[in-house]
Amino acid sequence: QVQLVESGGGLVQAGGSLRLSCAASGRTISSYAMGWFRQAPGKGREFVAAISRGGDTTYYADSVKGRFTISRDNVQNTVYLQMNSLKPDDTAVYYCAADNRRDLTTNRWSYDYWGQGTQVTVSS
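Cut-offs and rules
Per chain, the residues get numbers from 1 upward, laid out in the order the sequence is written. Local features are withheld for residues below a pLDDT of 70 in this predicted model, meaning they are given only at 70 or higher, and side-chain atom pairs are given and counted only at 80 or more; totals for whole chains, interfaces and linings count all residues. With hydrogens and water excluded, all non-hydrogen atoms of the structure serve as input to the side-chain values. Strand pairing is defined by DSSP finding a minimum of two bridges between the two strands. By the criteria applied, helices consist of DSSP H or I runs no shorter than four residues and strands consist of E runs no shorter than two, each listed in order from the N terminus. What counts as an axis is a line fitted to C-alpha atoms, over the stretch in contact for a helix, and the angles between N-to-C directions run from 0 to 180 degrees. The term salt bridge refers to a side-chain nitrogen of Lys or Arg lying within 4 Å of a carboxyl oxygen of Asp or Glu. Remark: exposure states derive from per-residue accessible area (1.4 Å probe, protein chains only) relative to the maximum for the residue type, with buried under 20%, exposed over 50%, and partly exposed in between. To define a nonpolar core, start from buried Ala, Val, Leu, Ile, Met, Phe, Trp, Tyr and Cys residues and group those joined through side-chain atoms within 4.5 Å. Here a residue-residue contact requires only that any non-hydrogen atoms of the pair lie within 4.5 Å.

Draft legend 1. Highlighting the sheet that holds strand β8 (residues 78-83). If you trace the four strands from one edge of the open sheet to the other, you get β1-β3-β8-β7, paired in antiparallel fashion. Each end of this open sheet is capped by a strand with a single partner; those strands are β1 (3-7) and β7 (68-73). Across this sheet, the average inter-strand angle for adjacent strands is 15°, counted without regard to direction. Two elements, β1 and strand β3 (residues 18-25), share five bridges in a ladder whose sense is antiparallel. Paired with E6 across the two strands is C22, which belongs to β3.

Below, the structure is given as structure tokens:
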């Protein structure tokens, strides 16, 4: 019902920054908890960050806490992931996800809708 399209990925040197965007269509994201996940080659899809419907609550994986910031603009129907102090270990395909059953969740199995991903590559 809701379509998600990520953008903003690219190649950046360690210590640099990127801002990912997740544009939604078909439904307003105000009814959805939103999250970011990532998947590196040969690894499973892991949780990165999540934000509640109204944006009042956020949660981060320990590996990105203090460096990444998730935010949402329910008027623009867009979710963002600001990534600072990037490390080579952050290299992955980053996915945006939506869940309309919960206010906030970190569980990848809870998310019903997924974007196709955007590549982030961090060089040493």
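Moving on from the coordinates now.
Draft legend 2. Geometry of the pattern of salt bridges. With the rule as written, the count across this model stands at eight salt bridges. For D90, the salt bridge is made with R38, and the minimal N-O distance between the two is 2.8 Å. Of this pair, D90 sits in the loop between β8 and β9 (92-99) while R38 sits in strand β4 (residues 33-39), and the two are 52 residues apart along the sequence. Note on R38: relative accessible area 5%, which makes it buried. The partner of D62 in a salt bridge is K65, and the shortest N-O contact between them spans 3.4 Å. Residue D62 is classed as exposed on the basis of its relative accessible area of 67%. A cluster of three or more residues bridged by salt bridges with shared partners is formed by R38, E46, R67 and D90.

Draft legend 3. Focus on the nonpolar core. By size, the foremost hydrophobic cluster in this structure holds 36 residues, and its most contacted members are L4, M34, W36, L81, M83 and Y94. Beyond its immediate chain neighbours, meaning those up to four positions away, Y94 contacts E6, L20, W36, F37, R38, V48, F68, L81, M83, G117, T118 and V120.

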